[in-house]
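Chain by chain, the residues:
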Amino acid sequence: PEILTSIAACFEHGVPLRFQSEIRNGEGARQIVRVVGEAVREFEGGEVVAVHGAIWDVTDSVEAVEREAGLQARLDDTLDSIEDGFLFLDDEWHM
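Described below are features of the structure shown in this document.

Rules used in this analysis
Residues numbered from 1 in each chain as written. Predicted model: local features only at pLDDT ≥ 70, side-chain atom pairs only at ≥ 80, totals over all residues. Heavy atoms only, no water. Phe/Tyr/Trp six-rings, centres within 6.5 Å; stacked < 30°, edge-to-face > 60°. Helix = DSSP H or I, 4+ residues; strand = E, 2+ residues; numbered from the N terminus. Contact = heavy atoms within 4.5 Å. Salt bridge = Lys/Arg side-chain N within 4 Å of Asp/Glu carboxyl O. Buried < 20%, exposed > 50% of the residue type's maximum accessible area, 1.4 Å probe, protein only. Core = buried A, V, L, I, M, F, W, Y, C linked by side-chain atoms within 4.5 Å. Pairing = 2+ DSSP bridges. Axes fitted to C-alpha atoms, helices over the stretch in contact; angles between N-to-C directions.

Considering the packing of aromatic side chains
- Counting across every chain of the model gives one aromatic pair.
- Judged by centre distance (5.5 Å) and plane angle (85°), the rings of Phe86 and Phe88 are edge-to-face.

Focus on the environment of Ala39
- Counting through the fold element by element, Ala39 comes out in strand β2 (residues 30–41).
- Taking the C-alpha atoms as reference points, Ala39 and Val49, 10 residues apart in sequence, are found 7.6 Å from one another.
- When residues no more than four places from it in sequence are discounted, the contact partners of Ala39 are Cys10, Gly14, Val48 and Ala50.

Describing the pattern of salt bridges
- Evaluated as defined, the whole model comprises two salt bridges.
- Arg30 is the salt-bridge partner of Glu22, the closest N and O atoms lying 3.0 Å from each other.
- Residue Glu22 is classed as partly exposed on the basis of its relative accessible area of 46%.
- With relative accessibility at 30%, the residue Arg30 sits in the partly exposed group.
- Notably, a salt bridge pairs Glu63 with Arg30, separated by 3.0 Å at the nearest N-O pair. Taken together, the residues span a long stretch of sequence, with Glu63 in helix α2 (residues 59–81) and Arg30 in strand β2 at a distance of 33 residues.
- Taken together, the shared-partner salt bridges connect Glu22, Arg30 and Glu63 into one network.

Thoughts on the nonpolar core
- By size, the foremost hydrophobic cluster in this structure holds five residues: Cys10, Leu17, Phe19, Val33 and Val35.
- Elements supplying a minimum of two residues to this core: β1 (17–24) and β2.

Some remarks on the sheet that holds strand β3 (residues 48–57)
- The strand order across the open sheet built from three strands is β1-β2-β3, with neighbouring strands paired in antiparallel fashion. Of all strands in the sheet, those with a lone pairing partner are β1 and β3, marking the two edges. Sheet twist, expressed as the mean angle between neighbouring strand axes with direction ignored, is 30°.
- Of the pairings in the sheet, the one linking β2 to β3 comprises nine bridges and is antiparallel in character. What sits directly across from Ala39, in β3, is Val51.
- Together, β1, β2 and β3 form the strand contacts of helix α1 (residues 2–13), whose direction differs from that of β1 by roughly 145°.
- Across the face of the sheet, α2 comes into contact with β1, β2 and β3 while running at roughly 125° to β2.

Listed below in structure tokens is the structure:
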């Protein structure tokens, strides 16, 4: 729905395309794509006759951000659950 709504708005009103969406590729695998595009008009202020743009597969970067957020949440939970005092020291025993 988001994809169709965005494309329709671009063709009908010249609204630029800018969104990220999850899709299934031809093999059924999940992919996250970022889409950008703009309307091409027949002449200045005229009817939209095409949309030019690009689609990028951003699956790896989105999944990396999600993994990092999960690890940060685990670290926060672990540190919050420690009831004793503790210090962070570097390799040279400095705080």
